[in-house]
Amino acid sequence: MANNFLKISRLDQFLETLRLFGELHAPTVSESGVHRFSPLEDPDELHLDYRRTQIPPKKYLFPFREEILHYGGGGYREGHSSAGDLVIFGVHSCDLEGIAYLDRVFLADRPDPGYAARRSRLTLVGIACEPDDFCFCTAATESASCDLFLSAGQDGYHITSYSARGSALLSAADHLLEERAAQPSPAISGPCYPAQDPELRFSDHPLWQKFASTCVSCGACSVCCPTCYCFDVREYPTLSGGGTRIREWDNCLFATHGEVAGANFRPDRLDRLRYRFLHKYCGFTPLQGMSSCVGCGRCKEFCPVDIDLRELTVAPEKVEP
Amino acid sequence: MKQPQHSPHVPYAAHLIERRDLSEDTALFRIAPEPGALAELSSFVPGQFVQLSVPDAGEVPISPADLPTPEGTLELCVRRVGHVTDLLHKLQPGAPLGVRGPFGCGFPLPEMAGHPVLLLAGGLGIAPLRSLLMHLLRHRDGYGEITLMYGAKQPKLMLFRQELAALAADGGMRLYLTVDFAPEQLDGSFSCALGLLPDLLKGFRFDAADTYAAVCGPPPLYRCLISDLEAGGVAPDRILLSLERRMRCGVGRCCHCGIGQKLCCLDGPVFRASDLKGIPEAL
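Residues numbered from 1 in each chain as written. Chains lettered and ligands numbered in written order. Predicted model: local features only at pLDDT ≥ 70, side-chain atom pairs only at ≥ 80, totals over all residues.

## Let's talk about the overall build of chain A
Point 1. Within chain A, the regular secondary structure consists of 10 helices and 14 strands.
Point 2. For chain A, with 321 residues in total, the buried portion stands at 37%.
Point 3. When contacts within chain A are restricted to residue pairs at least 6 apart in sequence, long-range pairs at least 24 apart make up 68% of them. (Helix = DSSP H or I, 4+ residues; strand = E, 2+ residues; numbered from the N terminus. Buried ≥ 20, exposed ≤ 12 C-beta atoms within 10 Å, placed from the backbone. Contact = placed C-beta atoms within 7 Å.)

If you want it as structure tokens, here you go:
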């Protein structure tokens, strides 16, 4: 089924159809004015013209805090994942690519049980975006890392399916769709700074010193990053015996991150900044050589001291130390 | 029927068999994992690590001090330095524990076969090297000359000293001990040099071009020893370093143990000096 078109007047009905596949979440605005993905109770709360949510959709697959084990009676047992079916509607290409990267991290080799359970019950409906000054993705047009993707057309959306589940969704919504030839996606007009030989940028570049002198190690850039996934593991006993082992988001900009007994391998802010961005742009084993920056622009928008890492990734001759 | 794969998060149940104090803050723990752990543990290569769980405290990466026995019993040499190891040191035999692993890359034994091996241990660095030493001595004919140089701050902090002396007396290896200083009166059964490990290495004549060196100790020690070994003619890809990082997951996900673009839990903890050149935070 190609050339599927959804008129904007039927969007509410389409959303109702999506609910058949799981709890529906979509971009909304909180009481404090922050864009976020949250359960969509009322279609009027939908904010499809959002630029970026503060916290990326990684929170659904890799929760901030998660019980991974229970122990007691002489042994450890896997924590039970209570994941239900979930549909996230209105995800931008950069965030879809972020999820595709997390899939590589958590589903390869020895798959992470909690992540795998949640991922298998997640339906992703992407939507084309309009970049702003913070965006720096290289391929913003359409991501295939989803089940369905909507791109805007005259009075509605062209819909493409990228999975069997996507096709099932289209079948269920068949009565709402009409056939209309898709238009070629318009070229992205926003700023775009593809990384140029990033490994060169991780030497003793003077910009690192400049960034380190202003960075306050707040860690906002990694909290809001769709591909940051460092975690810490802690254990909490209960008074009645036994207890729980949890994992929760950690932050490589915090001084404790590089600690070992009696030493710290990244004691300085500069070390930690470089560690984060080396990981981001050059990758660690087994994803060495793969940049995980999807260009969503969150780290720049939410940095309280306006550090702009794009300065490091633009062509060397443009850099003014 | 194919068994479902054991989750990488879930430790096998284990219990403490006994502990033996080696110094005032360091002890050797013998641990018996449940039989299900044996298939994984039997693949252990000296230099790899296991994740030891101490219920109510958490998990720590420990490099076993000997090869697992055929029953899977592990010997872990642990210093009391933090939240988890504090509690471990308070446990009585029979106490429940957990173990996952082994993880990471150990010493490249097939490549080292037939060559002389020089082991250089500083302080608690003897622990991971002891499993290598035990392997070498049990396969004595498979390797060239074996030499252990071991330095500690002072005689009472020298771990396994009687045992090492006995192994040397058997003739399987040469043993050189040194202490930074000796405040106590030494009895006649123990003799060692006074000075730092690099001093000991300076006066040592060996076939550097053919030798593999295995080094483990505190970070400053690596820096001096690597340059001394290289100056002495040992190839950088034959200088094997066992590095310490605080691995949380052991399977390459938590990202606490990055060294340059490598992860200590997957690429290490044993690295070649040649692989660490140019990585400022490595040592």
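## Focus: the sheet that holds strand β7 (residues 122-127) of chain A
All names here are of chain A.
Point 1. Reading across the sheet, the 8 strands line up as β3-β2-β6-β7-β8-β9-β1-β10 and stay open at both edges, with mixed pairing between neighbours. Pairing within the sheet leaves two strands with one partner each, and these edge strands are β3 (35-39) and β10 (177-179). Direction aside, neighbouring strands of the sheet carry axes that sit 30 degrees apart on average.
Point 2. Two strands pair when backbone bridges link them, and strand β6 (residues 86-91) and β7 are joined in this way by 5 bridges, in the parallel orientation. Bridge pairing in β7 places I88 opposite L124.
Point 3. Seen against the sheet, helix α3 (residues 93-107) touches β6 and β7 and runs at an angle of roughly 145 degrees to β7. (Pairing = 2+ DSSP bridges. Axes fitted to C-alpha atoms, helices over the stretch in contact; angles between N-to-C directions.)

## Regarding the nonpolar core
Point 1. Core analysis: the biggest nonpolar cluster contains 146 residues, and V125 of chain A together with L119, A213, A214 and V215 of chain B have the highest contact counts within it.
Point 2. Residue contacts for L119 of chain B: discarding those within four places in its chain leaves L129, L132, L133, T147, L148 and A214 of chain B.
Point 3. Ranked by size, the runner-up nonpolar core spans 7 residues in total, among them C94, C135, C293 and V294 of chain A. (Core = buried A, V, L, I, M, F, W, Y, C linked by C-beta atoms within 7 Å.)

## Description of the domain arrangement of chain A
Residue and element names in this part refer to chain A.
Point 1. Per the domain assignment, the segments making up chain A are domain 1 (4-179) and domain 2 (198-318).
Point 2. When each unit is reduced to the centre of its C-alpha atoms, the spacing between domain 1 and domain 2 is 25 Å.
Point 3. Taken residue by residue, the interface counts 29 residues in domain 1 and 24 residues in domain 2.
Point 4. Every element with two or more residues in the side of domain 1 that touches domain 2 is listed here: β4 (65-72) and α3.
Point 5. Here the residues of the side of domain 1 that touches domain 2 are counted per class, giving 15 nonpolar, 6 polar and 8 charged. (Domains from an automatic or database assignment. Nonpolar A, V, L, I, M, F, W, Y, C, P; charged D, E, K, R; others polar.)

## A short note on the domain arrangement of chain B
Frequently, the measure chosen for interface size is the accessible area removed from exposure when the parts meet.
Residue and element names in this part refer to chain B.
Point 1. Parsing chain B into structural domains produces domain 1 (12-103) and domain 2 (109-276).
Point 2. Taking only C-alpha atoms into account, the centre of domain 1 sits 21 Å from that of domain 2.
Point 3. Of the residues lining the interface, 19 residues belong to domain 1; the matching set on domain 2 comes to 20 residues.
Point 4. At 3 residues, strand β6 (residues 96-103) tops the list of elements feeding residues into the side of domain 1 that touches domain 2.
Point 5. When grouped by side-chain class, the residues that make up the side of domain 1 that touches domain 2 number 10 nonpolar, 6 polar and 3 charged.

## Points about the sheet that holds strand β5 (residues 74-79) of chain B
All names here are of chain B.
Point 1. Overall, antiparallel pairing links the 6 strands, which are arranged β4-β3-β6-β1-β2-β5 in an open sheet. With one partner strand each, in any of the chains shown, β4 (58-62) and β5 form the two edges of the open sheet. On average, adjacent strands in this sheet sit at an angle of 40 degrees to one another, irrespective of strand direction.
Point 2. Judged from the 4 bridges that link them, strand β1 (residues 12-21) and β6 form a sheet pairing that is antiparallel. When the bridges of β6 are listed, A14 appears paired with L97.
Point 3. Lying on the sheet, helix α2 (residues 83-90) is in contact with β2 (26-33), β3 (49-54), β4 and β5; it crosses β4 at an angle near 90 degrees.

## What to know about the UniProt feature "domain: FAD-binding FR-type" (unreviewed entry) in chain B
Point 1. The positions that UniProt labels "domain: FAD-binding FR-type" (unreviewed entry) are, in the present scheme, residues 9-109 of chain B.
Point 2. Annotated as 13% helix and 43% strand, the span residues 9-109 of chain B places its first and last C-alpha atoms 28 Å apart. (UniProt positions renumbered as here; feature names shortened; annotations may be inferred.)

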